[in-house]
Amino acid sequence: ECPLCLLPQPPEAFPSLASCSHRSCWACLQQYLCLAVSESRVPVSCPHCPAVLQPSDVHRLLPEPALRDKYEEFLLRRLLVADPSTRWCPAPDCSYAVFAHGCAECPRLTCGREGCGTEFCYHCRQPWHPDGPCAPVPLAPSLTTPTSQPAQPEELAHGEALAQPEAEDIKVCPRCSAFIMKINDGSCNRMNCTVCGCLFCWLCLQEISDVHFLSPSGCTFWGKRPWSRTRRILWQLGMMLGAPMVISLAAGVAVPVITIGIPIYMGRKVLAGGPGSRRSSLSGCQQCLSVTSSVLLSLFVSPIITALTVGVGVPLVLTYVYGTVVLSLCR
């Protein structure tokens, strides 16, 4: 039985994959690959695990040559956008890549595509401007302006039937400048570009780490816009002034809860037993001895856990509040 379509299939209908041992029928894998390549989700992962499918398996499973060419193109683009020196020709209907290593001092580049030859700037990636400085590139151009053009003809066909998105819903990837649309459905601001794999914040358009939304940057995980400077400063001052009181209150609650709660929990756990326990075969004296020993052991271990929790947690919080927050406030 295929785990995707849940239909019984003969053994020869399940192709083997070089990346993992999961099996699905030919029809399901082909449909999955067609959808993934059409949405430019390249490299393609196994439908059952994060293992990346090998290009040989993708070529073997894709039914149409046009999809294979698209897969190769998207895979090549994914590799090229990871190179910070790669520049793309800004001419319409030209997707030629120029390897511009060491061209920062001589920023005039020429597209090498036959029949194109467009000259553009290495720094701003716009058409060459010999008589002036680089013009600022807009971060989120509106699709409602007459000069804007859809990236694909298919998008124009879909746009005739769907409501036109607002400019705030479409932004540019900070690494590869690909247009990315975010549906206003309350989802988080942690975005992952499907073209280059860049992980960035939707609010500030900066590449982020896992602690970006915990830092005093003004960006919130589910907010629609960053906090204002006044609100951010007030929040940072409140953290600095209220941190000792909050930490003392949290420690005052956590110490007795951990110290007393762990022995009570262990005693109830041992007394209640669990699946497969031998509680019914133990006598009353043996049960009492078992509960008493577990409680005494917990009473010995719980102060150590409490000391580690307070001794490690409090310095970390104080370092964050009076280190990161103070530095951010000074900037």
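Quick notes on the rules
Per chain, the residues get numbers from 1 upward, laid out in the order the sequence is written. The predicted nature of this model means local features are confined to residues of pLDDT at least 70 and side-chain atom pairs, given and counted, to a pLDDT of 80 or more, with totals for whole chains, interfaces and linings taken over all residues. Water and hydrogen atoms play no part in the side-chain values, which are based on all heavy atoms of the structure. UniProt positions are given in the numbering used here, feature names are shortened, and annotations may be inferred rather than shown by experiment. Helix and strand labels come from DSSP, where a helix needs a run of H or I of at least four residues and a strand needs a run of E of at least two; each type is numbered from the N terminus. A 1.4 Å probe rolled over the protein chains alone gives each residue an accessible area, and that area as a share of the maximum for its type sets the label: buried under 20%, exposed over 50%, partly exposed in between. The pLDDT value tells you how sure the predictor is about a given residue, anywhere from 0 up to 100. By definition, residues are in contact when any of their heavy atoms lie within 4.5 Å. Here the aromatic set is Phe, Tyr and Trp, taking the six-membered ring for Trp, and pairing holds for ring centres within 6.5 Å; pairs whose planes are under 30 degrees apart are stacked, those over 60 apart are edge-to-face, and all others are tilted. The criterion is that NZ of a Lys, or CZ of an Arg, lies within 6 Å of the ring centre and within 35 degrees of the ring normal, and then a charge sits over that ring. A helix is expected to span 1.5 Å for every residue after the first.

Focus on the UniProt feature "transmembrane region" (unreviewed entry) in the protein
No. 1: Mapped onto this numbering, the UniProt entry annotates "transmembrane region" (unreviewed entry) at residues 233-266 and 304-330.
No. 2: From the first C-alpha to the last, residues 233-266 spans 45 Å; its make-up is 100% helix and 0% strand.

A few points about unusual backbone geometry
No. 1: Val42 connects to Pro43 through a cis peptide bond whose omega is 0 degrees.
No. 2: With respect to the secondary-structure elements, Pro43 resides in the loop between helix 1 (26-38) and helix 2 (55-61).
No. 3: With a phi close to 60 degrees, Leu6 is a non-glycine residue in the positive phi region.
No. 4: Note that Leu6 resides in the segment before helix 1.

Quick notes on the environment of Pro84
No. 1: Positionally, Pro84 belongs in the loop between helix 3 (65-81) and strand 1 (86-88).
No. 2: On the accessibility criterion, Pro84 (64% relative accessible area) is exposed.
No. 3: Through-space distance from the C-alpha of Pro84 to that of His101 is 9.0 Å; in sequence the pair is 17 residues apart.

Section: the confidence of the model for the protein
No. 1: On average, the protein scores 77 in pLDDT, and the residues at 70 or more come to 81%.
No. 2: Across residues 138-165, where pLDDT falls below 50, the model places 20 contacts with residues more than four positions away in sequence or in other chains.

Description of the packing of aromatic side chains
No. 1: Under the definition given, this model contains zero aromatic pairs.
No. 2: Against the face of Tyr122 rests Arg87, its NZ or CZ located 4.1 Å from the ring centre.

Quick notes on helix 3
Since one α-helical turn is 3.6 residues long, residues separated by three or four positions face the same way.
No. 1: Counted at 1.5 Å a residue, the expected span for helix 3 with its 17 residues is 24 Å, and the 24 Å between its end C-alpha atoms agrees.
No. 2: Along helix 3, the residues that are buried comprise Leu67, Tyr71, Leu75, Leu80 and Val81.
No. 3: Where the residues of helix 3 are buried, they touch helix 1, helix 2, strand 1 and strand 2 (97-99).

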